[in-house]
Amino acid sequence: MEIVLGQVEQLPALLAVSRSALVRDWDSLTLDRALEWARYFQHLCDRFRVRPQLREALGRRLRRAQPYPLLGFPSLGRCPQLLGLALLENRALPPAACRRLLRSLLQPPGAGTGPEPSGLALLARRKAAACLLALPRRPPRRPPGPEQQLQAEAQLLLSRLREEGQEVGEAAGQLRWLCGVLEQLPQARAFEVVAAALALLKQESGAEQAGDRDRDGSSLNGYQASAAEDGCAAGLLLSWLLGNQERFSAFCLCLPCSLLAFLAGHYSQLSVSYLDLLTGWGSHLLYDPLQGRWVKSCLDKAELSWEELRERFSCLCQGSTLLKEQTQAALKLLKTQDGDFKVCGLSVWTDLLMEV
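Just so we're clear, the structure is a prediction, and the values are computed from it rather than from any experiment.

Observations regarding the overall build of the protein chain
- Looking only at helices and strands, the protein chain has 18 helices and two strands in total.
- Of the contacts made within the protein chain by residues no fewer than 6 positions apart, 67% connect residues no fewer than 24 positions apart.
- Counting every atom, the protein chain has about 20,000 Å² of accessible surface; 56% of that belongs to carbon and sulfur.

Topic: the nonpolar core
- If you look at the biggest cluster of nonpolar residues, it comprises 56 residues, and the most contacted ones within it are Leu178, Leu237, Phe251, Leu270 and Tyr274.
- If one sorts the elements of this core by residue count, helix 11 (residues 187-211) sits on top with 11 residues.
- Looking at which domains feed residues into this core, each of domain 2 (146-205 + 229-254) and domain 3 (256-355) supplies at least three.
- The residues touching leucine 270, leaving out its near neighbours within four places in the chain, are Leu238, Leu241, Leu242, Phe248, Leu260, Leu263 and Ala264.
- Of all hydrophobic cores here, the second largest spans 29 residues; its members include Leu11, Val23, Leu71 and Leu101.

Regarding unusual backbone geometry
- Positive phi values are uncommon outside glycine, yet aspartate 340 reaches one of about 55 degrees.
- Position of aspartate 340 relative to the elements: it lies in the loop between helix 17 (321-337) and helix 18 (348-355).

So, the packing of aromatic side chains
- Counted under the stated rule, the structure contains seven aromatic pairs.
- Geometrically, the ring pair formed by tyrosine 287 and tryptophan 294 is edge-to-face, given 5.3 Å between the ring centres and 70 degrees between the ring planes.
- Grouped by ring-pair contacts, the aromatic residues Phe191, Trp240, Phe248 and Phe251 constitute a single cluster.
- Lying over the aromatic face of tyrosine 267, lysine 202 brings its terminal NZ or CZ to 4.9 Å of the ring centre.

Things to note about helix 13 (residues 245-254)
- Taken residue by residue, helix 13 has Phe248, Ser249, Phe251 and Cys252 as its buried positions. Buried residues in helix 13, looked at end-on, bunch into an arc of 155 degrees, giving them a common side.

Observations concerning the pairing of strand 1 (residues 285-288)
- Here four bridges tie strand 1 to strand 2 (residues 293-296), and the two strands are oriented antiparallel to one another. Paired with leucine 286 across the bridge in strand 2 is valine 295.
- Hairpin connection of strand 1 to strand 2: four residues between the antiparallel strands, including glycine 292 at a positive phi of 70 degrees.

Cut-offs and rules
Residues numbered from 1 in each chain as written. Predicted model: local features only at pLDDT ≥ 70, side-chain atom pairs only at ≥ 80, totals over all residues. Heavy atoms only, no water. Helix = DSSP H or I, 4+ residues; strand = E, 2+ residues; numbered from the N terminus. Contact = heavy atoms within 4.5 Å. Areas by Shrake-Rupley, 256 points an atom, 1.4 Å probe, with all protein chains shown as cover. Core = buried A, V, L, I, M, F, W, Y, C linked by side-chain atoms within 4.5 Å. Buried < 20%, exposed > 50% of the residue type's maximum accessible area, 1.4 Å probe, protein only. Domains from an automatic or database assignment. Phe/Tyr/Trp six-rings, centres within 6.5 Å; stacked < 30°, edge-to-face > 60°. Lys NZ or Arg CZ within 6 Å of the ring centre and 35° of its normal. Arc of directions from axis to C-beta. Pairing = 2+ DSSP bridges.

Below is the structure:
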């Protein structure tokens, strides 16, 4: 087993070389050996998928190898695709080796000798290769808008998170993978993708529920399984988001208050943390009698102004009935704890209640 672990530890190096200028010295024989190693790693994934201890050992060995912190046990199953994509994107690959690579993608070993699914897989590979080769001859398409790109990234993140759940199984391993992926993005972009993914989960859940109302029991069982899977994905996203107070604070400062109110209306765990955060920000406001308004106690801190705080509480009160009642109840409790004043300028919570 130690020999296998040592071989698996070489996967990051193989992928690193496939993206480097070293491939300019590769001939067809070298390329074939690299592809054989990729298929061998894929075989290991299929062999040890149902053996949790060995699977975890292989995953640990991969994570220990740098500079690819995102690689884990599921990466072994995708090794031929990872290697093929890296080589296709590498302009240093010699023409002979590139032609050999394309032929291997179009007609991989064993294709066409098995049952029908192999033929379907071959057709899919040929169609993908044809689209790839035809791209330079097509007029450039209009690039997708920012909103479309964000939705696509969020959908891709959810798809990969579900795959990790099916292959890894344990929530801790999925969370490690999620943290590694999101850390590769700029913080603001990571926040936008996570928010879009959480919103998509609720939109998809509502659409599936509406479509399954008049269906039979098997459809209902399918919906329940899908709902459980979506609940697991949402839990992982919320764990990443709420597990660090500074991160959650930056998340709330980065996103529009209307989007935060939408998420708070669908995720109770997030709404509680959001209200606690707004409470902390509001407690640092001081009333300036000369200006006749609430001002920040420390201008150098990333806190909300009175106007921003009022807007955020107003958005929460315009959400669902449950969220509105929860927000108003929190404000009333804060007002009572602050002395239950009914005069403006004495308690920020009294003034907020009057405003919203």
